[in-house]
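Chains, contacts and geometry: an overview
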Amino acid sequence: MKPYPGAKLVVRMARYGCTNRPFYQIVVTWNRYPRDRKIKEQLGFYDRLPNLTGEQVLGLNLDRIRHHFKHGTEFTRPVLQLLGIVGYFPIHPYTLVEAKRITRRREELEQKLKEKYLEEKEEETDKIVQDESDQSGEEVKSESVDIDHSPSTDNQTKTVKSDVTNLEEALSESITIAKKASVLKI
Amino acid sequence: MSCNLSKAAFLQTFRKLSCVHSQLLLLRGVHVSQFKPPVVPTDIDPFPLFMEEGVQTILNDITGIDLKKTALLQPKKLPLKPVLRAVPDKELKRLQADSFKKERSKIEQRPPFMRARKEISRELARNPEIAPVMTNNLLFIDTSAFTRSERANKDKVVVVRDTEGTLRTATQEERDRAIQIAFPVRGRTIFPSSFFKPENLHNALQRCRYSYVLDKVCVQYDPDHPEFLRITKEIYDYILERMEFDALRGTRHFGSMAFYLSLCHREYELVLDMLERKLIVDVMDYIRLHRKIHSQEGSKGSLSKPLGYDKKNFEKLMGLYMKRITGNRKKQAEKMVESLLEAGLPEIIKENLSQRELIDSYLKLETNVY
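Criteria and cut-off values
Residues numbered from 1 in each chain as written. Chains lettered and ligands numbered in written order. Predicted model: local features only at pLDDT ≥ 70, side-chain atom pairs only at ≥ 80, totals over all residues. Heavy atoms only, no water. UniProt positions renumbered as here; feature names shortened; annotations may be inferred. Phe/Tyr/Trp six-rings, centres within 6.5 Å; stacked < 30°, edge-to-face > 60°. Helix = DSSP H or I, 4+ residues; strand = E, 2+ residues; numbered from the N terminus. Contact = heavy atoms within 4.5 Å. Buried area = accessible area lost by both parts, 1.4 Å probe. Salt bridge = Lys/Arg side-chain N within 4 Å of Asp/Glu carboxyl O.

Within an unreviewed UniProt entry, the label attached to chain B reads 28S ribosomal protein S22, mitochondrial, and the organism entered is Magallana gigas.

For chain A, an unreviewed UniProt entry supplies the name Small ribosomal subunit protein bS16m and the organism Magallana gigas. What the UniProt record of chain A gives under Subcellular location (unreviewed entry) is the line "Mitochondrion".

Let's shift gears to the packing of aromatic side chains. Aromatic ring pairs: the centre-centre distance and the angle between the two ring planes describe each pair. All names here are of chain B. Scanning all chains against the criterion turns up 16 aromatic pairs over all chains. Ring centres of Phe 195 and Phe 196 lie 5.3 Å apart, and the angle between their planes is 90°; this geometry places the pair in the edge-to-face category. When the centroid spacing of 6.2 Å and the interplanar angle of 55° are considered together, the rings of Tyr 210 and Tyr 238 count as tilted. Placement of Tyr 210 in helix H9 (residues 210-220) and of Tyr 238 in helix H10 (residues 226-242) is noted, with a sequence separation of 28 residues between them.

All right, on to the interface of chain A and chain B then. Residue-level contacts link 29 residues of chain A with 25 residues of chain B. Surface buried jointly by chain A and chain B totals about 2400 Å² across both partners, of which 64% is contributed by carbon and sulfur atoms. If you sort the residues of chain A by the area they bury against chain B, Glu55(A), Gln56(A) and Ile85(A) come out on top, with a joint share of 24%. For the pair chain A and chain B, the interface holds 1 salt bridge. Here Arg177(B) ties to Glu55(A) by a salt bridge, and the two come within 2.7 Å at their closest N and O atoms. Looking at the side of chain A that touches chain B, the elements with two or more residues in it are strand E3 (41-47), strand E4 (55-60), helix H1 (62-70), helix H2 (77-86) and helix H3 (93-135) of chain A.

What follows is the structure, given as structure tokens:
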């Protein structure tokens, strides 16, 4: 017996829990019913936030899921994604899309941080050069042009090499800090 | 007195202790160096031995049934009003039989003595392309066991998807946690409480609460958990050091302790204790069990048939047993046996057998409840 004409059964996540603390029950309901109420059957649970041991916990009644799948109930995308991650179904293409998106965001973050770091370095070197010129202004003018070039070029290559190594260290630090600070999966 | 108990606590424990040996130790303060903890042999597989019918009946007989002790050991609830009833003799017998049967069923739920479980963890799939999505490990448990007939914990499927993207079966610790989340056992915590830390355990043991601690350990861990084995070994060694076997007699832990001691070749103290308390029939059964465990055939060899419990067989068994003991112990044991023979062995045996027959008669009585 259908509760309303055109009713379809759906397996989806019902959000329980509290403000800023989600907890999902994986549930079979009719598609037009409110998200959390009037469920037909509970099939499992999903806790998105990591517990004390740093895990996300998922429990599913695979027998009943199989039964509903056989009888043609609709599964929403997040539920299918979870089933794919667990290994009961093949991996959903949307998880691959998400993975790509996250890697792209990470690379953009790295780029931004790189540019910022280089800018800061340039400012510092500019300052140093200005200070040196202020201090030894007369000496630079009196000496010939050749002598000026060689030490400065050496310094530049040295600074570039050290820059690269320092850059990597500083980048890794700032990336980890950014990862920790971000709420999204970056 | 070099123990760290207050005066009142000291008196309390002194009164609870069941034998002179332990009282002396408490007075003197325990010397750590003199006691050698028993070592479990690795060549004998204890579990199939333990679960044999003959072994279980012997352990049941040795434990006996002590209703007073179990009434004392109950956890303290709100005091109930005492119920007084006038009851005919038949009815009284039936009620007593009920309580005996209940006790026996509790005692038969003794924790088996097993080896530690092995780590099983194998890889099922490798998908590094999902790795960016997995910020934490995903612990998955299949809850379909609610709707199925098989309920063993080993059959439950627990699987973990790593942050690297590899799908693998969970380690034993992860399995325990997941099974406790989805199929909770009453009294068990997911993360072990500080009750089982060595300092707190020692505190409880000092106050002679052996069966209380053992019950808690049985609730928290499965019998093949390495922590379970470690804690029970500690408790049994503590009891062995003080020869406090009577504290467990009548509880479900006595059988496992007796089995453990027999495995580690430390059954002598228990045999002495039994001889002191004039439980001759128990001694004969226990020595039979000991010979069975350490026979060459192992689990294939059958228990020697229970010959009649009389003086001749007792002397025969004790003779066989004392071939293995040497030195001081032999003299001690011989003294005990001589004193018993002087005191009148057949009467003591009769008494023990009548006790056992009483228990058996109660257990066989037909009642409505059990």
